[in-house]
Amino acid sequence: MRMLMLGAVLVMMTSAAMTSAARADDDETKGAQKLAMQGRDDYWHCLAREYSRDTNQGLSEQEFGRSVAGACPSERQYYRVALLDYLTAQYPDIDSGAHLATANRAVESAQKDIVTAYVKHRPPMK
């Protein structure tokens, strides 16, 4: 009888530990997701400030693209790293190189989107 009770206690403790670990993983993933979203928002806000700078008025698409590519280095890097952390937490079995490529594509996409908005909304060239 004692062995049965001891076995039941061990099963309950193991189950509780596994539930706690799953909850911790879920909390880690949610925290990483929140940081990635914050990084995305910070990067976009910085790109928006770059978009609206008076010194960018009259630049060609290529000139503005180069300007955007060099803008916001700390925000860009934070976004890349936060997204990489989230992807690693969410999909731990996928190669880290694939996660880095995805994070890099997200940064490139943000830059492309801001350049597209600039081209569509700039006044016509004289």
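Our subject in this report is the structure included herewith. On a predicted model such as this, the values are computed, not experimentally measured, just so you know.

The rules behind each value
Residues numbered from 1 in each chain as written. Predicted model: local features only at pLDDT ≥ 70, side-chain atom pairs only at ≥ 80, totals over all residues. Heavy atoms only, no water. Disulfide = S-S within 2.5 Å. Helix = DSSP H or I, 4+ residues; strand = E, 2+ residues; numbered from the N terminus. Buried < 20%, exposed > 50% of the residue type's maximum accessible area, 1.4 Å probe, protein only. Expected span 1.5 Å × (residues − 1).

**Points about the state of the cysteines**
Thought 1: Throughout the structure, instances matching the rule amount to one disulfide.
Thought 2: Covalently, Cys46 is tied to Cys72 through a disulfide, its sulfur atoms 1.9 Å apart. On the sign convention where negative means left-handed, the S-S torsion of about -95° between Cys46 and Cys72 marks this disulfide as left-handed. Separated by 26 residues along the polypeptide, Cys46 in helix α1 (residues 2–51) and Cys72 in the loop between α2 (61–70) and α3 (73–90) bring together distant segments of the chain.
Thought 3: On the basis of relative accessible area, Cys72 is assigned to the buried category, the value being 6%.

**Here's the deal with α3**
Thought 1: For α3, which comprises 18 residues, the first-to-last C-alpha distance of 26 Å matches the rise-based estimate of 26 Å (1.5 Å per residue) to within 8%.
Thought 2: Residues of α3 that are buried: Arg76, Tyr79, Arg80, Ala82, Leu83, Tyr86 and Leu87.

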